[in-house]
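Structure assessment
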Amino acid sequence: MAAANMKAVKLRIKSVQNTMQITKAMQLVAASKLRRAKDKAMSSKPYLRIMKRTLTKIANENTDFQSPFTVPGASERRLFIVIGGDRGLAGGYNANLFKFVEKEIEGHDYDVLPIGKKAVEYFRRKKAGIFTDLYAEVAKVSISECFRIAKTVCDAYLEGRYGHVSMCYTNFVSMMSQVPKASALLPLSDFENPEYDDTPDVKNMILYEPSGEEVFNDIVPEYLAGILYTSINVSVASELAARRTAMEAATDNASEMIEKLSLYYNRARQASITQEITEIVAGAEGS
């Protein structure tokens with residue numbers, strides 16, 4: 001009985017060691033990919049600053065400025081762009097995001113544009129109205145696809161299908177903190193966003209052809225594509241950071257479990273040896 005118990009413990013130790021190797025490998029892979037994702041997010045911000053500054057100048061320097069992108073649409077229906085993860089094993093990354101999104105969409109008539117496998121699966125299960133489900137792998141969404149998404153969303157907004165467009169994603173705060181966040185995309189109302197416009201204003205007399213309003217309207221999809229691309233990169237970095245933290249915790253737990261099982265195995269082995277010695281001595285005394 002003791003030998004069988006020891007064998008089971010030994011197999012258990014081997015199983016946990018194999019699992020620890022996997023979690024350790026996933027931790028290292030997430031850590032290596034995380035730096036590239038952060039660099040991509042940071043490299044896209046100068047583009048946003050330029051676009052934001054251009055929109056601000058056009059809006060502020062043209063009298064009687066009007067644009068359909070700055071006016072709430074007549075429709076009460078809303079579009080939510082939700083950027084989720086592609087895979088699990090990332091702690092509460094996806095669960096926290098979807099809980100946050102549920103609060104945002106509560107009480108609204110809405111459609112969803114899910115980006116990422118987990119987001120697509122979640123809203124399919126909810127049988128929510130899906131704008132498109134073509135972007136089911138967030139890590140592979142390119143800048144050209146972001147321009148395509150932005151153009152399609154802007155066209156739907158101009159057609160009056162939606163009166164408001166928002167985006168929900170996970171903001172990267174630090175390696176240990178990733179916080180769900182919502183950003184209003186349309187209508188545009190704030191042209192002084194310090195997150196993207198930190199360049200001092202310089203007064204220039206610029207003549208826009210054919211008009212400032214038309215240039216503004218042409219820039220808006222480009223600007224929204226930049227926001228979307230940056231948010232996707234930030235979300236990917238957040239997912240990788242959450243996975244790295246989760247796999248590090250899993251590796252530590254596996255190591256602790258191996259220590260406890262090894263201690264139990266050694267005690268059981270020592271007890272078995274002691275019992276064998278006792279039986280040999282008893283047998284020798286009896287003879």
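It is worth spelling out the side chain of T170 at this point. Mapping T170 onto the fold places it in strand β3 (residues 164-174). Apart from the residues within four sequence positions on either side, T170 is in contact with Y93, L97, Q178, V179, P180, V234, S235 and S238.

We now examine the confidence of the model for the protein chain. The predicted model of the protein chain has a mean per-residue pLDDT of 85, with 90% of residues at 70 or higher. In the predicted structure, residues 192-199 sits below a pLDDT of 50 and forms 16 contacts with residues beyond four places in sequence or in another chain.

What follows deals with the nonpolar core. One finds I115 and L224 to be the most contacted residues of the largest nonpolar core, which totals 51 residues. Those elements giving two or more residues to this core turn out to be α1 (2-43), α2 (45-61), β1 (78-83), β2 (110-115), α5 (143-158), β3, β4 (177-186) and α6 (212-286). The element contributing the most residues to this core is α6, with 16 residues. If sequence neighbours within four positions are ignored, I115 has contacts with I81, V82, I83, G84, Y135, V138, V141, I149, L228 and I232.

The sheet contact formed by β3 and β4 spans 9 bridges and is antiparallel. Paired with S166 across the bridge in β4 is A184. Once β3 ends, the chain turns through 2 residues before running back antiparallel as β4.

This part is about a nonpolar patch on the surface. The grouping of I273, I277 and V281 at the surface amounts to a nonpolar patch, some 240 Å² of accessible area in total. Mapped onto the fold, V281 is located in helix α6. Under the relative-accessibility criterion, V281 is labelled partly exposed at 41%.

A sheet is described by the order of its strands in space; here 4 strands give the open sequence β2-β1-β3-β4, paired in mixed fashion. What marks the edges here is a single partner per strand, and that holds for β2 and β4. Taking each pair of neighbouring strands and ignoring which way they run, the sheet shows an average axis angle of 25°.

Interhelical geometry of helix α3 (residues 93-105) versus helix α4 (residues 117-125) gives an angle of 50° and a closest axis separation of 11 Å. As the angle between them shows, α3 and α4 are arranged oblique. The way α3 lies across α4 gives a crossing that is right-handed. Counted together, N94, F98, V101 and E102 of α3 and K118, A119, Y122 and F123 of α4 form the full contact between these two elements. Considered class by class, the residues forming the contact of α3 with α4 number 5 nonpolar, 1 polar and 2 charged.

Thresholds applied
- Counting from 1, residues in each chain are numbered in the order their sequence is written.
- For this predicted model, a pLDDT threshold of at least 70 governs which residues receive local features, and a threshold of 80 or more governs which side-chain atom pairs are given and counted, while totals over whole chains, interfaces and linings are taken from all residues.
- Based on all heavy atoms of the structure, the side-chain values leave hydrogens and waters out of the count.
- What counts as a helix is a DSSP run of H or I of at least four residues, what counts as a strand is a run of E of at least two, and both are numbered from the N terminus.
- We call two residues in contact whenever any of their non-hydrogen atoms come within 4.5 Å of each other.
- Known as pLDDT, the predictor's confidence for each residue is given on a scale from 0 to 100.
- The definition of a nonpolar core used throughout is a set of buried Ala, Val, Leu, Ile, Met, Phe, Trp, Tyr and Cys residues joined through side-chain atoms within 4.5 Å.
- Buried, partly exposed and exposed residues are distinguished by accessible area as a fraction of the type maximum, computed with a 1.4 Å probe on protein chains only: under 20%, between the cut-offs, and over 50%, respectively.
- The pairing criterion is simple: DSSP has to find at least two bridges between the two strands.
- Residues with no salt bridge and a relative accessible area higher than 30% make up the patches, which join like charges within 9 Å and nonpolar side chains (Val, Leu, Ile, Met, Phe, Trp, Tyr) within 5 Å.
- The protein chains shown are the only cover counted for residues, whose accessible areas, like all others here, come from Shrake-Rupley with a 1.4 Å probe.
- Should a side-chain nitrogen of Lys or Arg be within 4 Å of a carboxyl oxygen of Asp or Glu, the pair is scored as a salt bridge.
- Between N-to-C directions, angles cover 0 to 180 degrees, with each direction set by a line fitted to C-alpha atoms, over the stretch in contact for helices.
- Our angle categories are set so that under 35 degrees counts as roughly parallel, over 145 as roughly antiparallel, 65 to 115 as roughly perpendicular, and the remainder as oblique.
- A clockwise turn of the near helix away from the far one marks a right-handed crossing, whereas an anticlockwise turn of less than a right angle marks a left-handed crossing.
- Three residue categories are used. Nonpolar comprises Ala, Val, Leu, Ile, Met, Phe, Trp, Tyr, Cys and Pro, charged comprises Asp, Glu, Lys and Arg, and polar comprises the others, including Gly.

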